[in-house]
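# Architecture and fold: a report
This is what each chain is made of:
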Amino acid sequence: MQHLLLHTIEHAFEDSLKMLPFLFLAYLLIEWLERNHGERIERALAGGGRWGFVPGAALGCVPQCGFSALAANLYASRVITPGALLAVFVATSDEAIPLLAAAPGMWGALPLLIVGKIVAGIAGGFLLDVPLRKVLPAGLYGGYAGRAADIDCHEEHEEHSGVFLAALRHTAEIFVFILLFSFAIGFLFELIGEETITGFLTGMGIFQPMAAALVGLVPNCAASVLLAQLYAQGAISFGSLFAGLCAGAGIGLAVLWRVNPSWKQNLFMTGILWGGGSLCGIVLQFLPL
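These figures come from a predicted structure and were not determined experimentally.

What counts and how
Residues numbered from 1 in each chain as written. Predicted model: local features only at pLDDT ≥ 70, side-chain atom pairs only at ≥ 80, totals over all residues. Heavy atoms only, no water. 1 Å grid on protein atoms, 1.4 Å probe; cavity = no way out; pocket = protein on both sides within 12 Å on 5 of 7 lines; lining within 4 Å. Points joined across faces, edges and corners; volume = space filled by probe spheres on them. Helix = DSSP H or I, 4+ residues; strand = E, 2+ residues; numbered from the N terminus. Nonpolar A, V, L, I, M, F, W, Y, C, P; charged D, E, K, R; others polar. Expected span 1.5 Å × (residues − 1). Phe/Tyr/Trp six-rings, centres within 6.5 Å; stacked < 30°, edge-to-face > 60°. Buried < 20%, exposed > 50% of the residue type's maximum accessible area, 1.4 Å probe, protein only.

Attention now goes to empty space enclosed by the protein. For the structure on display, the rule yields 1 cavity of 30 Å³ or more. Computed from the structure, the largest cavity encloses a volume of approximately 70 Å³. In this structure, the largest cavity is lined by 13 residues; those nearest its centre are Asp 94, Gly 216, Ser 224, Gly 248 and Gly 250. When contributions to the lining of the largest cavity are tallied by element, the ones reaching two or more residues are helix H12 (221-232) and helix H13 (238-247). Broken down by element, the residue count for the lining of the largest cavity peaks at 3 residues, all from H12. Split by residue class, the lining of the largest cavity holds 5 nonpolar, 7 polar and 1 charged.

Shown next, in the form of structure tokens:
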């Protein structure tokens, strides 16, 4: 058992260390975007009106959790529609994008993942804001009231440190997550057997994306890290990764439940995220990807 632990720790460190340079460059770019264009991006989201799901899906794909939290606040303040909120949530990938970008072997899946989530966000937002708006009760629909209220929902960023230090801190935090998950997954694979675990997950069929979508609902970046690691290990399919990341909105879902007083609206949005993410993942299961 001691040999197994040491072997797993060694492999976890080797695999994780290879990602560090790419991970740091990714977070360096993210920090620069947040500090130099953050307010402009927020204004674009709040000014979208009835068609806010279009900029919402585009902005949601930026790999960080601040926009999903911002969108939840704007929705609770009736500044954006539920379709715009859904588009941001669906397009959000939290830590998965920089994590996959840090692994050159995963670069082929990145464009499909990003474009697919933007398309899914726009499609879901359109369905919710155009045809379903006339069907859903006003109390369940919520959101945009026809005018943007004077509200300052700008998230406070870590401005007291430089871009390089902030990127380094974020890289170190996520590196710890990656290392822990790499160890846990590697230990299970060594203990139980890679073929046994992969066979079990593959045998779940359409239930695999549904289970991944449940994992994605966890309002923590650990969920996206776990999904990305499982996909990189070949334990789950691209459809399951897509399902989990479509359902995952980072901390946005937790913020929504905290700031929006209607539990019916919050439960409705949570159900759509899980159902929509599961459906997308199941469809992708049958495509030759």
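What follows continues from the structure just given.
Quick look at helix H9 (residues 163-192) now. If you check H9, its first and last C-alpha atoms are 43 Å apart, about what 30 residues at 1.5 Å a residue would give, namely 44 Å. A positive phi of about 115° marks Gly 193, the residue just after H9.

Enumeration according to the criterion identifies 3 aromatic pairs in this entry. Ring centres of Phe 53 and Phe 126 lie 6.2 Å apart, and the angle between their planes is 75°; on these two criteria the pair is classed as edge-to-face. Taken as a pair, Phe 53 in helix H3 (residues 53-60) and Phe 126 in helix H7 (residues 109-129) lie far apart in primary sequence, 73 residues in all. Taking relative accessible area as the criterion, Phe 126 reaches 36% and is therefore assigned partly exposed. Ring geometry for Tyr 231 and Phe 238: centres 6.1 Å apart, planes at 65°, overall edge-to-face. Residue classification places Phe 238 among the buried positions, given a relative accessible area of 10%.

Geometry only, nothing functional implied.
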